[in-house]
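Remarks on the overall topology
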Amino acid sequence: MNRTVQKYNTIMTGNEAVAVGVKLSRVRFISAYPITPQTTIVEKLAQMVADRELNSRYVEVESEHSAMASVMASELTGIRSYTATSSHGLLYMHEMLHWVAGQRLPVVMSVVNRAIGPPWNIWSDQSDTMSQKDTGWMQVYCESNQEALDTIIMGYKIAENSDILLPLMSMEDAFVLSHTTEPVNIPEQKVVDDFLPELDLSFRIDTDRPMGYGSYSPPDGPFMELKKDMHDSMEKSRKVIRKVTEEFAEATGRDYSGLVEEYLMDDAEYALIASGSLASTGKYVVQKMREKGLKVGLLRIRFFRPFPGEEIRKAVKGLKGVGVIDRSLAFGEKGNTYLEVAGSLYGKRDTPLYGFVAGLGGRDVKIEDFEEMMSIMKNREPGSYWINVRGGE
Amino acid sequence: MVMVPVTDVSSRANKTDTWRTQKPVIDYDACIRCMICWKFCPDDSIAYSTDGNFPAPNDRIAKLEAPVIDYDYCKGCGVCANECPENCIELIKEEVE
Ligand code: SF4
Ligand code: SF4
């Protein structure tokens, strides 16, 4: 993102920025159950609805499963709908995530990434959303409060595209973004209205045309075709994402460059791949390393679903080493991003690949941790390594 | 256009009569046309009929709409028989031919 053209007009936390994004998107139905560190998003939205600043229904429910179920029902009536959650709340929604995606509903949800217990831990970690990566939802990992606001608006436009019609979850890191105040530019309502048209859901519930929703399909029914169609839409969404981020850049001057962000990659010999706010520390380290003469770049994964395999293959071509940082892992395997990167390179690139599992349960990933990753990439065999863990890797 | 799992035919196309192990049969001579069975049937398998050809306890009731079970879709759950205030729906065991 080109930071030099940024003009900020306020300061706010990531969660406030998300709530403002929801308001600007003219969401008409919100249902949620509070959970740290998501709470202040829905608290702010409930206040906006109570103050009639936002013309929306706000429905309190007894659980996240019900929150997603009611959002599914409202979206089916053709109303733009929203919810937000974190961690265990997201896991509790799991079944309904499949329902919303399978029913082809363009819901947008915010997830504030938080660790999964035990032991009880409320800090930043991507295990919650990584465990939902295969539910048919698009996934975006934001790096700044500004991006968190803008992604809600872009998210609805991508999800509601008639070739896509899949839900989207937009992530912020617990506390580092959700509760930290940053400069933010709030776009004007008119700019958002011109960018994001009203939702027109062709198959919405219509009492004059009663239909069966989510009804039964035996093995020789359309079940398999419906799943393939979801996959085809996910594949097509890459093009839509690139187009929507371009349109957003034209409207606001903020260019999110599609599925990934490349940072000093042009002449790089080594690269780090990261997502979320870890990428910010990564960029700082990349600058410092370059001052010392090491040609390093960083590739920030914004979209994890659809996965930006094409972008990654292009970016890593000819590099001496690529290090993938993961704030979650598949037990008995490696970091989730590492596995996906390896999958997209297999048979096409033989770039030495390193995986770094770091920062679980909100443990800080410090500058010296990044330096250690760089040193591993220069001196050791490709493979997966633990960073800053007691008792050794 | 994307494929959506929304249809106006699937619940009609997928007949569920073979799911039945017992068949509800209405005794129209006792049925008072209260339509409680219609209201409770979880599969919407009971309809109203106005053709007036059903037996009835008396002439006045004979003029009312009568409940008719659609045996293509009735799954034989027995809810109607359980709810009928006149106890005039009998469940008969289905035999395999
Ligand atoms: S047995 Fe069950 S499904 Fe059949 S008509 Fe009675 S209530 Fe409906
Ligand atoms: S519930 Fe019994 S009495 Fe009432 S309409 Fe149905 S069969 Fe007749």
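Residues numbered from 1 in each chain as written. Chains lettered and ligands numbered in written order. Predicted model: local features only at pLDDT ≥ 70, side-chain atom pairs only at ≥ 80, totals over all residues. Heavy atoms only, no water.

**Here we look at the sheet that holds strand β7 (residues 168-173) of chain A**
Residue and element names in this part refer to chain A. In space, the seven strands of this open sheet follow the order β3-β2-β4-β5-β7-β6-β13, with mixed pairing throughout. Looking at the sheet topology across the chains shown, the edges are occupied by β3 (57-60) and β13 (303-305). This sheet shows a mean twist of 20° between the axes of neighbouring strands, independent of strand direction. Sheet topology note: the strand β5 (residues 108-113)/β7 ladder contains six bridges and is parallel. Across the sheet, the residue bridging to N113 is D173, located in β7. Seen against the sheet, helix α2 (residues 39-50) touches β2 (29-32), β3, β4 (81-85), β5 and β7 and runs at an angle of roughly 145° to β4. (Pairing = 2+ DSSP bridges. Helix = DSSP H or I, 4+ residues; strand = E, 2+ residues; numbered from the N terminus. Axes fitted to C-alpha atoms, helices over the stretch in contact; angles between N-to-C directions. Contact = heavy atoms within 4.5 Å.)

**Remarks on the packing of helix α11 (residues 309-316) of chain A against helix α12 (residues 336-345) of chain A**
All names here are of chain A. For the pair α11 and α12, the least separation of the axes is 9 Å and the interaxial angle reads 75°. Regarding the angle of α11 to α12, the classification is roughly perpendicular. Here G309, I312, R313 and V316 of α11 lie close against α12, whose contacting residues are V341, S344 and L345. Split into classes, the residues belonging to the contact of α11 with α12 amount to four nonpolar, two polar and one charged. (Parallel < 35°, antiparallel > 145°, perpendicular 65-115°, else oblique. Nonpolar A, V, L, I, M, F, W, Y, C, P; charged D, E, K, R; others polar.)

**Points about the site of ligand 1**
Every residue lining ligand 1 is accounted for by B:P24, B:C41, B:P42, B:I46, B:I69, B:C74, B:K75, B:G76, B:C77, B:G78, B:V79 and B:C80. For the shell around ligand 1, the residue count by class is nine nonpolar, two polar and one charged. (Near = heavy atom within 4 Å.)

**Examining helix α1 (residues 14-24) of chain A**
One full turn of an α-helix is made of 3.6 residues, so residues set three or four places apart face in the same direction. Residues and elements named next belong to chain A. The element α1 is extensively covered by neighbouring structure, given that nine of its 11 residues are classed as buried. Those residues of α1 that sit buried are G14, N15, A17, V18, A19, V20, G21, V22 and L24. Phi turns positive, to about 50°, at R26, one or two residues after α1. (Buried < 20%, exposed > 50% of the residue type's maximum accessible area, 1.4 Å probe, protein only.)

**Examining the domain arrangement of chain A**
Residue and element names in this part refer to chain A. Each assigned domain of chain A is listed here: domain 1 (7-252) and domain 2 (260-386). Of note, the centres of domain 1 and domain 2, computed from C-alpha atoms alone, are 27 Å apart. With 31 residues of domain 1 at the interface, the matching set in domain 2 holds 27 residues. Between domain 1 and domain 2 the total buried area reaches about 2,200 Å² when both faces are included, carbon and sulfur atoms providing 48% of it. (Domains from an automatic or database assignment. Buried area = accessible area lost by both parts, 1.4 Å probe.)

**Points about the side chain of A:S170**
Structurally, A:S170 can be placed in strand β7. Residues within four places of A:S170 in sequence aside, it is in contact with A:M109, A:S110, A:V111, A:V140, A:C142 and A:T151.

**Some thoughts on the interface of chain B and chain A**
When the parts of a complex come together, some accessible area is lost, and that lost area is often used as the size of the interface. Taken residue by residue, the interface counts 10 residues in chain B and 22 residues in chain A. Around 1,300 Å² of area is buried between chain B and chain A when both sides are counted, 67% of it from carbon and sulfur atoms. Here chain B is connected to chain A by zero salt bridges. One can count three residue pairs in polar contact (both at pLDDT 80 or more) joining chain B with chain A. As defined by bridge partners, strand β9 (residues 212-213) of chain A adjoins strand β1 (residues 6-7) of chain B across two bridges and the pair is classed as antiparallel. Looking at the pairing, A:G212 lines up with B:T7 of β1(B). (Salt bridge = Lys/Arg side-chain N within 4 Å of Asp/Glu carboxyl O. Polar contact = N/O pair within 3.5 Å; in protein donor to acceptor, adjacent residues only side chain to side chain.)

**What to know about the nonpolar core**
Residue and element names in this part refer to chain A. Core analysis: the largest hydrophobic core is formed by 94 residues, its most contacted members being L45, M68, Y82, M109, W137 and I312. Of all the elements, helix α7 (residues 145-159) adds the most residues to this core, at eight residues. Ranked by size, the runner-up nonpolar core spans 24 residues in total, among them Y263, M289, L294 and I325. (Core = buried A, V, L, I, M, F, W, Y, C linked by side-chain atoms within 4.5 Å.)

**Quick notes on the environment of A:T245**
Residue and element names in this part refer to chain A. Here T245 lies in helix α9 (residues 223-252). Accessibility expressed as a relative area gives 2% for T245, which makes it buried. Sequence separation of T245 and S257 is 12 residues, and the distance between their C-alpha atoms is 6.3 Å.

**Some points on helix α3 (residues 64-76) of chain A**
Residues and elements named next belong to chain A. With 13 residues, α3 extends 18 Å from end C-alpha to end C-alpha; this agrees with the ideal 18 Å at 1.5 Å per step. Among the 13 residues that make up α3, 10 are buried, leaving the element largely enclosed by the rest of the structure. Listed as buried for α3 are E64, S66, A67, M68, S70, V71, M72, S74, E75 and L76. On the buried face of α3, the contacting elements are β2, β4, α4 (87-92), α5 (94-102), β5 and β9. For α3, the side-chain oxygen to backbone nitrogen distance between the N-cap and H65 is 3.3 Å, and the N-cap itself is S63. The first or second residue beyond α3 is G78, which carries a positive phi of 90°. (Expected span 1.5 Å × (residues − 1).)

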